[in-house]
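Read off the chains here:
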Amino acid sequence: MKEREVCCLNQLQAYVEHRLSPPEQRLIESHLASCASCREQLESMQVLEEWVVRKYKTLQPTEIPDPGADVLFAQLEKENAQTQENFFQRWWKGVGWVVVASSLVLALVFFYTPFFRNMMSRESGSQEFLAKGWRAQMLYGRRIGSKTYSRAKVAEGKTILSPFDTIQFSYTLSNTYFLAILGINQQGRSFSILLCKPNVGCLRKPGAGTYPENRSLILDEYIGEERYFVVVARTNFSWKTLKQAVEKEWKAKRRRLQHLDTIPGPWLSRSWWVEKKRRR
Ligand SMILES: [Zn+2]
């Protein structure tokens with residue numbers, strides 16, 4: 001296998017996922033015996049794979065109604081419009097007609113001053129992300145019976161969930177982006193949720209999408225706080241870089257997931273803070 005970059009990686013991935021036929025499996029095993037770089041690659045893949053499996057061992061269709069990214073996007077648009085409307089209504093009432101003319105000039109200055117723009121975007125998280133060409137949401141459904149789930153809700157602030165509740169990520173991109181989803185728990189241990197190889201960003205075209213598609217992830221039995229991140233970047237990145245960056249930021253934020261809202265680095269990120277409690 002000379003074309004290691006393409007051929008070997010795909011084959012290794014298939015091998016890790018037990019998708020190879022027995023002859024193909026034997027072929028790769030004999031190659032592994034003689035190729036140190038593939039063995040190394042395989043090792044890192046297996047570690048990654050193990051995490052995914054341990055974390056979300058039961059990825060399966062659920063009955064959680066999925067509002068879908070389009071509906072969500074429309075809903076967000078409406079929320080944004082309302083935020084803006086409220087802002088202008090307040091402004092209008094407070095200022096009155098007399099000073100409108102001079103205020104228009106001020107308003108222009110106001111909106112074109114980076115400082116104020118930042119202030120505005122901090123008021124509404126979703127606006128900030130729209131301005132950067134993407135946005136993401138996390139949906140969750142509570143398990144209310146052995147096979148029934150509550151209606152999907154959009155996570156805001158801290159979300160209290162329990163093992164076997166479900167989550168789904170939804171995103172809208174105005175550019176082509178590499179996208180990855182990961183998490184970190186309160187012990188500072190990071191884990192992957194969605195990664196694509198050979199690097200880890202999954203190439204996504206402009207438009208709306210969800211992960212998983214038409215399904216949701218069933219949460220594992222971990223009890224404690226977690227934070228889930230959706231990360232997008234114009235160029236791809238490695239799992240190692242991402243993992244190191246999130247763990248470093250966790251330490252910088254005094255190991256508090258509450259304050260760990262973004263991961264500094266050559267990407268944009270959005271996150272959701274979750275506390276997993278035992279079901280009562
Ligand atoms: Zn090799």
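Look a little higher up for the structure.
Residues numbered from 1 in each chain as written. Predicted model: local features only at pLDDT ≥ 70, side-chain atom pairs only at ≥ 80, totals over all residues.

Engineer: Can you tell me about the overall build of the chain, naming the residues and giving the values?
Structural biologist: Check the secondary structure of the chain and you find eight helices and 12 strands. Out of the 280 residues in the chain, the part that is buried amounts to 26%. Within the chain, residue pairs in contact and separated by at least 24 positions form 75% of the contacts whose partners lie at least 6 positions apart. (Helix = DSSP H or I, 4+ residues; strand = E, 2+ residues; numbered from the N terminus. Buried ≥ 20, exposed ≤ 12 C-beta atoms within 10 Å, placed from the backbone. Contact = placed C-beta atoms within 7 Å.)

Engineer: With reference to specific residues and values, describe the pairing of strand S7 (residues 190-194).
Structural biologist: Most of S7 is tucked away, with four of its five residues classed as buried. Note: strand S6 (residues 177-185) against S7, four bridges, orientation antiparallel. From the neighbouring strand, Leu182 faces S7, where its bridge partner is Ser192. Taking the residues that link successive antiparallel strands as the turn, the S6-S7 hairpin has four residues, and the phi of Gly188 there is positive, at about 85°. (Pairing = 2+ DSSP bridges.)

Engineer: Residue-level account of the pairing of S6, with values.
Structural biologist: Of all nine residues making up S6, seven are buried, and the element is well covered by its neighbours. Sheet analysis places S6 next to strand S8 (residues 202-204), joined by three bridges and oriented antiparallel. Of the residues in S8, the one forming a bridge with Leu179 is Cys202. Sheet topology note: the S6/strand S11 (residues 224-233) ladder contains eight bridges and is antiparallel. Directly across from Ile181, in S11, lies its bridge partner Val230.

Engineer: Let's hear about the nonpolar core: which residues, and what values?
Structural biologist: Judged by nonpolar contacts, the single largest core of 39 residues is most densely connected at Ala180, Ile181, Leu182, Phe229, Val230 and Val231. Going through the elements one at a time, strand S2 (134-141), strand S5 (166-173), S6, S7, strand S10 (216-218), S11, helix H8 (239-252) and strand S12 (268-276) are the ones with two or more residues in this core. In terms of residues, this core owes the most to one element, S6, which gives six residues. Setting aside residues up to four positions removed in sequence, Val230 forms contacts with Ala136, Phe169, Tyr171, Leu179, Ile181, Ser269 and Arg270. (Core = buried A, V, L, I, M, F, W, Y, C linked by C-beta atoms within 7 Å.)

Engineer: Tell me about helix H2 (residues 22-34), and name the residues and values.
Structural biologist: Between its first and last C-alpha atoms H2 spans 19 Å; for 13 residues at 1.5 Å apiece the expected length is 18 Å, and the two agree. In terms of burial, H2 is largely open, as just one of its 13 residues are buried. (Expected span 1.5 Å × (residues − 1).)

Engineer: Go over the environment of Val246, please, and point to the residues and values.
Structural biologist: With respect to the helices and strands, Val246 occurs in helix H8. Residue classification places Val246 among the buried residues on the basis of 24 C-beta atoms within 10 Å. For the pair Val246 and Ile263, spaced 17 residues apart in the sequence, the C-alpha separation amounts to 5.6 Å. Setting aside its immediate chain neighbours within four residues, Val246 contacts Leu182, Ile184, Ser190, Phe229 and Ile263.

Engineer: I'd like a description of H8, backed by residues and values.
Structural biologist: The end-to-end C-alpha separation of H8 is 20 Å, in line with the 20 Å expected for 14 residues at 1.5 Å each. Within H8, burial applies to Trp239, Leu242, Val246 and Trp250. All buried residues of H8 project into a common sector of 70° when viewed along the axis, lining one side. Pointing more than 90 degrees away from the buried face of H8 are the exposed residues Lys240, Lys251 and Ala252. Phi turns positive one or two residues past the end of H8, at Arg254, with a value near 55°. (Arc of directions from axis to C-beta.)

Engineer: For unusual backbone geometry, give the residues involved together with the corresponding values.
Structural biologist: Residue Pro212 is reached from Tyr211 by a cis peptide bond, and omega for that bond is -15°. Summarising the element assignment, Pro212 is placed in the loop between strand S9 (207-211) and S10. Unusually for a residue other than glycine, Phe164 sits at a positive phi of about 80°. Among the secondary structure elements, Phe164 is positioned in the loop between strand S4 (158-161) and S5. Positive phi values are uncommon outside glycine, yet Arg255 reaches one of about 60°. You can see Arg255 is positioned in the loop between H8 and S12.

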